[in-house]
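Observations on the three-dimensional arrangement
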Amino acid sequence: MPYAQGETKAGRGALLRRLAGLGAVAVLAAAAYWSLRAAYADLLFHRGTLDSVGRAIQLEAGNSRYHVRWAELTTDRGQARSGALARALALNRWDSALWIELGLEAEMAGDFSRAERRLLEAARVDKSYQPRGALANYYFRRGEEGKFWRWVREAVAMAYADPAPLFRMCWTLTGDAELILSRAIPDRVRAWRAYLHFLLAQGRLEAAAAVAERIIGNGAGEDVPLLLSYCDRLLESRNGEAAVRLWNRLREKGLIAYPASRPGSGEALTNGEFLVPPRSQGFDWRLAPIEGVAISRDETERGLRVSFTGKQPERCEVLSQIVALRPGRGYRFRYEYRTSGIAAGSGLRWRVFDLTKAEELLAESGHLSREGWAEESLAFTAPPALKLVRLALGYQRTPGTTRIEGSLSLRKLKLGPGR
């Protein structure tokens, strides 16, 4: 009897194992079927035709992406499309792009209340930029300024691309620069930088002053090139006073290593001993990249060395500096120089131009050609209106001579009142 009972238990165990094996096979087979079904549906989806996407939906009706793609492909821009988007949203209510799409659709249908609710829902389920940008655009189109300012500010704060379209909407609504800065631009350095770029591109130099001041207050050295670009734009517009203020603020904050620009002081030139590499921006020296001309600092002599290979253009400007001066006052530019291998009548001259009269020539030096160090000067009178002049070292081949080959060294450049 015990033996028979043991035999029965063994048989039952084998049966159960066989049944379990069959069940596992069935589960694997079902999993393989659904996996192949899903893979085929995805293949149909990626074919990208209306018919193939529709067949994908038949196989995988629970995939919200398929419904969205079908809505994009259908030529029926009415209920069929709306129904597809609604089904997609029912499958994934956290898809902010769907809420935005349905909101825009409601707006086009004239149902503004529903459009607003859907766009607000997009912003509720998704805290990123896209829903906020959509709301800013919606309220801009609707002319609802109060709501617009809230959402444009949030959108600017989160913008991951160029926010210029948002700034353009602001300036379309109002020309009040203070209002835009206070209501649309968040207190973030990244937003200030983007806004300053926009203002410079649009030529809104006056509005840029307050933005530049905020950036300067942050005191980051990485912002200096942008701020000096603003200084250059001010100089291009002949707004010398604003350019001087900006330059001096950068100096006060330690963002540039130059003395302050003080037109009425005894020294008006910047970096006259070339102690720091010229930036080619603002009131510093501007070095022109010219084929056949090489420029380097000479730290031993505290000066600059300019070498000519003979392949330079027959006429070119090697370096220059814009200088702010007192209107109508007499000035004298003093400089020390020497040349090597450059004969008399070199064609190298210092010139002073009036920036208020299409660069009218105010004064020019004689030809630079001295084998040993020599000190010379050039006297001129500042223009009576705006106080900006441009001091430039240029080369122009003298008729009857070949292009110069050799070098010019400069040091101890100074510009101050005097005749």
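Placed above this text is the structure.
The following refers to the structure shown. (Residues numbered from 1 in each chain as written. Predicted model: local features only at pLDDT ≥ 70, side-chain atom pairs only at ≥ 80, totals over all residues. Heavy atoms only, no water.)

Remarks on the environment of Phe-167
If you trace the backbone, Phe-167 turns up in helix α9 (residues 164–173). In the structure, Phe-167 is positioned 18 residues away from Ile-185 in sequence and 9.0 Å away in space, judged by C-alpha atoms. Here Phe-167 is in contact with Val-156, Ile-185, Ala-191, Ala-194, Tyr-195 and Phe-198, once residues within four sequence places are set aside. (Helix = DSSP H or I, 4+ residues; strand = E, 2+ residues; numbered from the N terminus. Contact = heavy atoms within 4.5 Å.)

Notes on the sheet that holds strand β2 (residues 293–298)
What the five strands build is an open sheet, ordered β2-β3-β10-β5-β8; its pairing is antiparallel. One side of each edge strand has no neighbouring strand; the edge strands of this open sheet are β2 and β8 (374–381). For this sheet, the mean angle separating the axes of adjacent strands, direction not counted, is 25°. For strand β5 (residues 330–340) and β8, the ladder comprises eight bridges, and the chain directions are antiparallel. From the neighbouring strand, Phe-333 faces β8, where its bridge partner is Leu-378. (Pairing = 2+ DSSP bridges. Axes fitted to C-alpha atoms, helices over the stretch in contact; angles between N-to-C directions.)

With respect to the packing of aromatic side chains
Within this structure, the stated rule accounts for 16 aromatic pairs. Where Tyr-138 meets Tyr-139, the ring centres are 5.3 Å apart and the plane angle is 70°; that geometry is what we call edge-to-face. When sorted by exposure, Tyr-138 lands in the same class as Tyr-139, which is buried. Connected via pairs of aromatic rings, a cluster forms that spans Phe-274, Trp-285, Phe-333, Tyr-335, Tyr-337 and Trp-350. The ring of Phe-112 is capped by Arg-142, whose NZ or CZ atom sits 3.7 Å from the centre of that ring. The ring of Trp-171 is capped by Arg-204, whose NZ or CZ atom sits 4.0 Å from the centre of that ring. (Phe/Tyr/Trp six-rings, centres within 6.5 Å; stacked < 30°, edge-to-face > 60°. Buried < 20%, exposed > 50% of the residue type's maximum accessible area, 1.4 Å probe, protein only. Lys NZ or Arg CZ within 6 Å of the ring centre and 35° of its normal.)

Observations regarding the side chain of Glu-107
Examined against the element boundaries, Glu-107 turns out to sit in helix α5 (residues 96–108). Excluding anything up to four places from it in sequence, Glu-107 contacts Phe-112, Ala-115, Tyr-138 and Arg-141.

Re the sheet that holds strand β6 (residues 348–354)
Paired through backbone hydrogen bonds, the strands of a sheet run either parallel or antiparallel to each other. One open sheet accounts for five strands, arranged β1-β4-β9-β6-β7; its pairing is antiparallel. Every other strand in the sheet has two partners, leaving β1 (286–287) and β7 (360–364) as the edge strands with one partner each. In terms of strand pairing, strand β4 (residues 315–324) meets strand β9 (residues 388–396) through nine bridges, oriented antiparallel. When the bridges of β9 are listed, Ile-322 appears paired with Arg-390.

With respect to the pattern of salt bridges
Using the criterion set out here, one finds 24 salt bridges in the structure. Among the salt bridges present, the one from Glu-107 reaches Arg-141, with a minimum N-O distance of 2.8 Å. A residue pair is termed long-range when its members are at least 10 positions apart, and Glu-107 in helix α5 and Arg-141 in helix α7 (residues 129–142) qualify at 34 residues. The partly exposed category is assigned to Arg-141, whose relative accessible area is 43%. Across the salt bridge formed by Glu-154 and Arg-150, the nearest N and O atoms sit 3.3 Å from each other. Of this pair, Glu-154 and Arg-150 are both found in helix α8 (residues 145–158), four residues apart, which corresponds to roughly one turn of the helix. Relative accessible area serves as the criterion here: at 49%, Arg-150 is assigned to the partly exposed category. Here the salt bridges share partners, and the residues they tie into one network are Glu-116, Glu-144 and Lys-147. (Salt bridge = Lys/Arg side-chain N within 4 Å of Asp/Glu carboxyl O.)

Without other data, these values stay purely geometric and don't point to any function.
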